[in-house]
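Chain and residue survey
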Amino acid sequence: MTSNAILQIVVYLAVLLGLAWPLGLYMARVYTDRPCGLDRLLGPVERFLYRLCGLDPEKEMDWKAYAASLMVFTGFSILLLYGQQRLQGVLPLNPDGMAAVPPDLALNTAVSFSTNTNWQAYAGESTMSYLTQMLGFTVHNFISAAAGMSVLVAFIRGLTGRETRNLGNFWKDLTRSVLYILLPLSVVFALLFVWQGVPQTFGGAVTATLLEPTPYESPVKDAAGAPVLDEAGKPKTEPATMIEQTIARGPVASQEAIKELGTNGGGFFNVNSAHPFENPTPLTNFLEMLAILLIPGGLCFTFGAMVRDKRQGMVLLAAMTFIFVVMLGVCVLSEQAGNPQLAGLFGLDQTASAQSGGNMEGKEVRFGITGSALFATVTTGASCGAVNAMHDSFTPLGGLVPMLLIQLGEVVYGGTGSGLYGMLIFAIVAVFVAGLMVGRTPEYLGKKIEPFEMKMASLVILVPPFLSLMGTAVGVVVPSAKAAIANTGAHGFSEILYAFSSMSNNNGSAFAGLSANAVFYNLAGALCMFLGRFWTAVPVLAIAGALASKKIVPQGAGTLPTHTPLFAGLLVCVVLVVGALTFFPALALGPIAEHLDMIGR
Amino acid sequence: MFNDIVFLGLVLVAVAVTIALAGFFDRLRSV
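Please read these numbers as outputs of a predicted model, since none were measured by experiment.

1. Here we look at the overall build of chain A
The number of helices and strands found in chain A is 19 helices and four strands. For chain A, the C-alpha radius of gyration of 24 Å lies close to 25 Å, the compact-globule estimate for 601 residues. Counting every position in chain A, which comprises 601 residues, the buried fraction comes to 57%. Of the contacts made within chain A by residues no fewer than 6 positions apart, 79% connect residues no fewer than 24 positions apart. With the model as given, the accessible surface of chain A reaches about 23,200 Å², and the carbon-plus-sulfur share is 66%. Charge-centre separation for chain A: the mean point of 32 positive side chains lies 15 Å from the mean point of 36 negative side chains.

2. With respect to helix 17 (residues 489-504) of chain A
Over its 16 residues, helix 17 of chain A runs 23 Å from end to end, which matches the ideal 22 Å to within 8%, given 1.5 Å per residue. Among the residues trailing helix 17 of chain A, N506 of chain A stands out with phi positive, at a value near 60 degrees.

3. Looking at the confidence of the model for chain B
Looking at chain B as a whole, the pLDDT averages 91, with 97% of positions reaching at least 70. The ipTM assigned to the predicted complex is 0.96, against a pTM of 0.92.

4. A closer look at the interface of chain A and chain B
Each partner contributes to the interface: chain A provides 27 residues, whereas chain B provides 17 residues. With both chains or domains summed, chain A and chain B bury close to 2,000 Å², and 80% of this area falls on carbon and sulfur atoms. Broken down residue by residue, the surface that chain A buries against chain B is led by L79, F452 and W535 of chain A, which jointly contribute 24%. Among the ionic pairs, D26 of chain B bridges to K64 of chain A, the shortest N-O distance being 2.8 Å. Scanning the region where chain A abuts chain B turns up five residue pairs in polar contact (both at pLDDT 80 or more). Only helix 3 (63-86), helix 4 (103-114), helix 15 (451-475) and helix 18 (519-548) of chain A provide two or more residues apiece to the side of chain A that touches chain B. Examining the composition of the side of chain A that touches chain B, we find that ten residues originate from one element, helix 3 of chain A, more than from any other. Across the side of chain A that touches chain B, the residue classes break down as 20 nonpolar, three polar and four charged.

Definitions and cut-offs
Sequence order sets the numbering: in each chain, residues are counted from 1 along the sequence as written. For this description, chains carry letters from A and ligands carry numbers from 1, given in the order in which they are written. Under the rules for a predicted model, residues below a pLDDT of 70 receive no local features and side-chain atom pairs below 80 are neither given nor counted, while totals for whole chains, interfaces and linings still include all residues. Calculated side-chain values reflect all of the structure's heavy atoms, with hydrogen atoms and water omitted. Only DSSP runs of H or I with at least four residues qualify as helices, and only runs of E with at least two residues qualify as strands; both kinds are numbered from the N terminus onward. Radius of gyration: C-alpha atoms only; globule rule: 2.2 Å multiplied by the number of residues to the exponent 0.38. Only protein chains enter the accessibility calculation, which uses a 1.4 Å probe; a residue whose area is less than 20% of its type maximum is buried, one above 50% is exposed, and one in between is partly exposed. Residue contacts are defined here by distance: any two heavy atoms, one from each residue, within 4.5 Å place the two residues in contact. Working definition of accessibility: Shrake-Rupley area with a 1.4 Å probe, residue cover restricted to the visible protein chains. Just so you know, the count uses Lys and Arg for positive and Asp and Glu for negative, and it drops His and the chain ends. Charged side chains are reduced to one point each, which is NZ for Lys, CZ for Arg, CG for Asp and CD for Glu. By this rule the span expected of a helix is its residue count minus one, scaled by 1.5 Å. One confidence number per residue, pLDDT, is output by the predictor and ranges from 0 to 100. Here the buried area means the combined drop in accessible surface, using a 1.4 Å probe, for two parts upon being joined, counting both sides. Just to be clear on terms, a salt bridge is a Lys or Arg side-chain nitrogen sitting within 4 Å of an Asp or Glu carboxyl oxygen. Whenever two N or O atoms come within 3.5 Å, that pair is a polar contact, provided that in protein one can donate a hydrogen and the other can accept it, and provided that, for residues adjacent in sequence, both atoms are side-chain atoms. Three residue categories are used. Nonpolar comprises Ala, Val, Leu, Ile, Met, Phe, Trp, Tyr, Cys and Pro, charged comprises Asp, Glu, Lys and Arg, and polar comprises the others, including Gly.

Here it is as structure tokens:
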């Protein structure tokens, strides 16, 4: 690994952890109703919102009421976003005259943004109006992230509660997450992005005259717009000259900020953060990566503060950081090594100091190998899904890293809220495994782990892999699904496996190379995203309800300490073993087979 | 329009089934 790469990674982690600590303590104050500074400014707004909606924020909910509120809220969110896309042609803020989104794509996109997935089967700049992008997607970026944070906070209350049914109030947690955490941070990041050159305008696309007219072959179409074929059955073309270019723009910066902070990932443009208007400079690249993991990292400190034992949060953070660094190392080294076949075929020196070095296919020169590999690891460790490089063009092992991070359940550091509650489920499994292995009492933070909690934890861990693998299995036999992949063999398999892993784990990034806007992917994907989000969140809340009703038992000689490096190691092993055992056969057919094919030729 | 009705109906069914799932989990706990 080059010294430049090491420096970039060290600086990134230092800034991330340095900022996550105070943010985490601030978020703990927000969720425990203690003065946080911004409450003086935003308190009246918060109280006004409760009055407007007729809500009693002090009314406590048990886990079923909390789950029902989450589901009712999400159901309305999906319906609203679906309707907005279908009606965008007659709604305002549509300067480029975008037509209604087709039904299957609108359903996929509505579920995608309401589940914090942000899988995009469309090109934003040529499909969605400004109103859809702002009032639809950007708003859903806030509320879907806040919903995940609310479930986490309810789970923590379940761990800290003593013989109670109460987990807090969903509407209050949702409102405070948006108002005191996501909104202020988004304003700061959006202004930083504007400063760096990211557009924020209601003006429509602009047309630029090219300095050098470019000749090209234009397809001939009949009166109905269908391509005309020649005698050989190939599309007819005619010479043409391009003299103008349409440059899409819009309210990008505001969407960009929450896209990263809420680990949403849905880009304004089709190529997401690889687009120079979304991510124009190395500094914006750094800020975007920082924004993705800032809240998930900070929530570990929030957890430590809320359970009144900072060491518990630090252990989770240490386990996440260890897996993150190992995965990042594999990705950076694989990309820096490049493809040996290219060196053999063309004598191309991919490690020359005169260029970025390594495998630069599908990457932006302004980010280079490290900036791209780090972004890929960050965005898939979280449930973000934003990309600044095409993961499809990574080397097989470099591409395996983002895929595996998604398949591990996105617990490194994970999505806003969902990452930490996923890791806490692994922690519960870890204490249970320790109980089986060395006869320790299965307890976590003084709460006994019993069969019901283990059944629910098993569901949380098994639902996403089931959806990922079954979706892939169906995808490789359905003709319309196979027709959507750009490559054959192991790489084509990887494209389908990545797509279903991404949707089922609510990541949203695409491997690329897959024409995802097809009825099969739109409908199967919507199902996977919905079940992957809520058939895990509901069992998590069920565990929270069960734990809250229990006594906190004092630590005894048989209690496994969960604040030690030993437990962090056990947790890492549980996460990796569960992920490896579940997905190794599928990975062997995809990226591992491709890697062996590459080095064995 | 037909597709719209079908898809919106599916969303409502999915939400209702998930809420029912919570009820099932609650009963499972008391068993």
